[in-house]
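As a plain string of letters, each chain reads:
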Amino acid sequence: MSESNDNARPLEAINAEKGFRQQVGFWLRATSYNSFHNEIAKSVIGQDALEDITLSIYLYMERVAKGRHNKGAILLCAPSGCGKTETYRAVRTYFEKHLPFLPCYQTEMSRITQTGFKGDEPISVADGLMDKHYTNGIGICWLDEVDKVIEPTYATHSENVSAKIQQGLLCLLEGCIIKGENTNDGKPRQICTANTLFIGIGSFNYIREYKQNNNKHKLGFSSVAEEEISHYTDLTRQDIIEGGGLWEFIGRFSSIYNYHSLSDEAVRKIIALMRREESLDIGIDIVIEESTFQALIKESNSEFGCRLLRSMIHDRVMAKLKVIKKSYRNCDIAMIRLSEEGDTITFCPEQRREMFTPFASN
């Protein structure tokens, strides 16, 4: 494929794309890789592979600035609660602030169906790029739960539907021109996905379970301790192909990265970040006792990882906040303290008597 499809595009679109590439160049000159990575790392804690993800994105932006096509997609394998969704959110939030023209969006792959069947067709993955078609496909498309189109699923006539969906996605990942409806002024709307960075993310739990069961049969009862952590072991390209990925589809992902279970130190940092965000949200300081830290760290080692920690903290805070809102004012409260011995409300010294004489609501 040539580096340009300008002959089929209006001059306005061509000039707009050049302007966007120029803006990316300005951003690169003002932003080092370290600066970019460090901003994302504020939200994604404890994953070494984050450096690979952010470097791949930064190199992609360099190709955009030089007017080159992208050279391959990325696949991130990460069990639930390890930070893959947070990675997407952090990158999206960053570019919304620094390069707002750049499409950076997530598409739900579990909704994609084989062409001709009820549901979203594979080409719909590019809808978020078409919304800003003057970028000519420049943007980052996150394929959420991509493992759902890799795990074999069969129709009533025994055809592997997942394989058909993967085949339908090949041209998008390889790079193709997609034409949409004309704009309001009658000009053609089209994009080139060779300009797009596709990042597939998924837990691939079914492959991990398959590997775990196979290892149990091979290693016997003595392997129990090893099997308990196999939920977080790295997956290879061969593992994914054996799990239902077509070699030509998986081959479009030039890099495969893995996230792992988080260390206690990393979980502690995540909890501290959640505590700070929750405090800012309600306007009252939240203190987490060591006993609650330990309970939350233990919970993070479950199959859900850190996914449930935020809601667990939030639910406990809301239970105390309900009491405060019914009878007190925020300025009366020094802090909400979370402890496994019982969550408590601490009042400001000069307002301590209001613990016994709450004001009446209007």
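What you see is a predicted model; the values in this text were computed from it and never measured.

### Brief notes about the overall build of the protein chain
Right, so step 1: Secondary structure summary: the protein chain contains 13 helices and 10 strands in total.
Right, so step 2: Within the protein chain, residue pairs in contact and separated by at least 24 positions form 71% of the contacts whose partners lie at least 6 positions apart.
Right, so step 3: Of the accessible surface of the protein chain, which amounts to about 18500 Å², a share of 50% is contributed by carbon and sulfur atoms.

### Structural notes on helix α12 (residues 290–300)
Residues spaced three or four apart along an α-helix face the same direction, because each turn holds 3.6 residues.
Right, so step 1: Those residues of α12 that sit buried are Thr292, Phe293, Leu296, Ile297 and Ser300. Angular distribution of buried residues about the axis of α12 spans 135°; they occupy a single face of the element.
Right, so step 2: Those residues of α12 that are buried lie in contact with α11 (264–282), β8 (286–288), α13 (309–327) and β9 (333–338).

### Observations concerning the pairing of strand β1 (residues 73–77)
If a strand is regular, its side chains alternate between the two faces of the sheet.
Right, so step 1: Along β1, five of the five residues are buried, which leaves the element largely enclosed by surrounding structure.
Right, so step 2: The two faces of β1 match: Ala73, Leu75 and Cys77 on one face and Ile74 and Leu76 on the other face are all buried.
Right, so step 3: With five bridges joining them, β1 and strand β7 (residues 253–258) adopt parallel strand pairing. Bridge assignment links Ile74 to a residue of β7, and that residue is Ser255.
Right, so step 4: As paired strands, β1 and strand β6 (residues 196–202) are joined by four bridges and run parallel to one another.

### Examining the state of the cysteines
Right, so step 1: Applying the stated criterion across every chain, the model contains zero disulfides.
Right, so step 2: Just so you know, Cys141 is unpaired, no disulfide at all, and the nearest cysteine sulfur is the one on Cys104, 9.3 Å from it.
Right, so step 3: Judged by relative accessible area, Cys141 falls into the buried class, the value being 0%.

### Comments concerning the packing of aromatic side chains
The geometry of an aromatic ring pair comes down to the distance between the two centres and the angle between the two planes.
Right, so step 1: Per the stated rule, a full pass over the model turns up 13 aromatic pairs.
Right, so step 2: Ring centres of Trp27 and Phe36 lie 5.7 Å apart, and the angle between their planes is 85°; on these two criteria the pair is classed as edge-to-face. For the pair Trp27 and Phe36, one class covers both residues: buried.
Right, so step 3: Between Phe36 and Tyr94 the ring centres are 5.1 Å apart and the planes differ by 70°, which places this aromatic pair in the edge-to-face class. Placement of Phe36 in helix α2 (residues 33–41) and of Tyr94 in helix α4 (residues 84–98) is noted, with a sequence separation of 58 residues between them. The residues Phe36 and Tyr94 share a single accessibility class, namely buried.
Right, so step 4: Note that Arg268 overlies the ring of Phe293, its terminal NZ or CZ placed 4.9 Å from the centroid.

### Notes on the sheet that holds β8
Right, so step 1: With mixed pairing, three strands are arranged side by side in an open sheet as β8-β9-β10. Edge strands, defined here as strands with exactly one partner in the open sheet, are β8 and β10 (344–347). Recorded for the sheet is a direction-independent mean angle of 25° between the axes of neighbouring strands.

### Some remarks on the environment of Cys306
Right, so step 1: Position of Cys306 relative to the elements: it lies in the loop between α12 and α13.
Right, so step 2: On the basis of relative accessible area, Cys306 is assigned to the buried category, the value being 9%.
Right, so step 3: It is 8.4 Å that separates the C-alpha atoms of Cys306 and Ile270, two residues lying 36 residues apart in sequence.
Right, so step 4: Apart from the residues lying within four places of it in its own chain, the contact partners of Cys306 are Gly81, Leu262, Val267, Ile270, Met274 and Ser300.

### Brief notes about the nonpolar core
Right, so step 1: Of all hydrophobic cores here, the largest spans 40 residues; its most connected members are Trp27, Ile57, Met61, Phe95, Ile140, Trp142 and Tyr259.
Right, so step 2: For this core, the secondary structure elements donating two or more residues are α1 (11–30), α2, α3 (50–65), β1, α4, β3 (139–144) and β6.
Right, so step 3: Broken down by element, the residue count for this core peaks at seven residues, all from α3.
Right, so step 4: Apart from residues no more than four positions distant in its own chain, Ile57 is found in contact with Phe36, Val91, Phe95, Ile140, Trp142, Leu197 and Ile199.
Right, so step 5: Membership of the second largest hydrophobic core comes to 36 residues, among which are Ala126, Leu169, Leu235 and Phe253.

So, how was this worked out
- In this numbering scheme, every chain counts its residues from 1 along its sequence in written order.
- Thresholds applied to this predicted model are a pLDDT of at least 70 for local features of residues and 80 or more for the giving and counting of side-chain atom pairs; totals over whole chains, interfaces and linings are not thresholded and use all residues.
- Remark: hydrogens and water are excluded; side-chain values derive from all non-hydrogen atoms of the structure.
- The helix and strand labels rest on DSSP assignments: H or I over at least four residues marks a helix, E over at least two residues marks a strand, and numbering proceeds from the N terminus.
- Only heavy atoms matter for contacts: two residues are in contact if any of them lie within 4.5 Å across the pair.
- To measure how exposed things are, a 1.4 Å probe is used in the Shrake-Rupley method; for residues, cover is taken only from the protein chains shown.
- Exposure categories follow from relative accessible area, calculated using a 1.4 Å probe and restricted to protein chains: below 20% of the type maximum is buried, above 50% is exposed, and the middle band is partly exposed.
- It is the directions from the helix axis to the C-beta atoms whose arc is reported.
- Strands are treated as partners if at least two bridges between them are detected by DSSP.
- Count a disulfide wherever a pair of cysteine sulfur atoms falls within 2.5 Å.
- Ring pairs shown here join Phe, Tyr and Trp side chains whose ring centres sit within 6.5 Å, with only the six-membered ring taken for Trp; geometry is labelled stacked below 30 degrees between planes, edge-to-face above 60, and tilted in between.
- When the NZ atom of lysine or the CZ atom of arginine is within 6 Å of a ring's centre and also within 35 degrees of its normal, the charge is said to sit over that ring.
- To get an axis, a line is fitted to the C-alpha atoms, and for a helix only the part in contact is used. The angle between two axes follows their N-to-C directions and goes from 0 to 180 degrees.
- The definition of a nonpolar core used throughout is a set of buried Ala, Val, Leu, Ile, Met, Phe, Trp, Tyr and Cys residues joined through side-chain atoms within 4.5 Å.

Without other data, these values stay purely geometric and don't point to any function.
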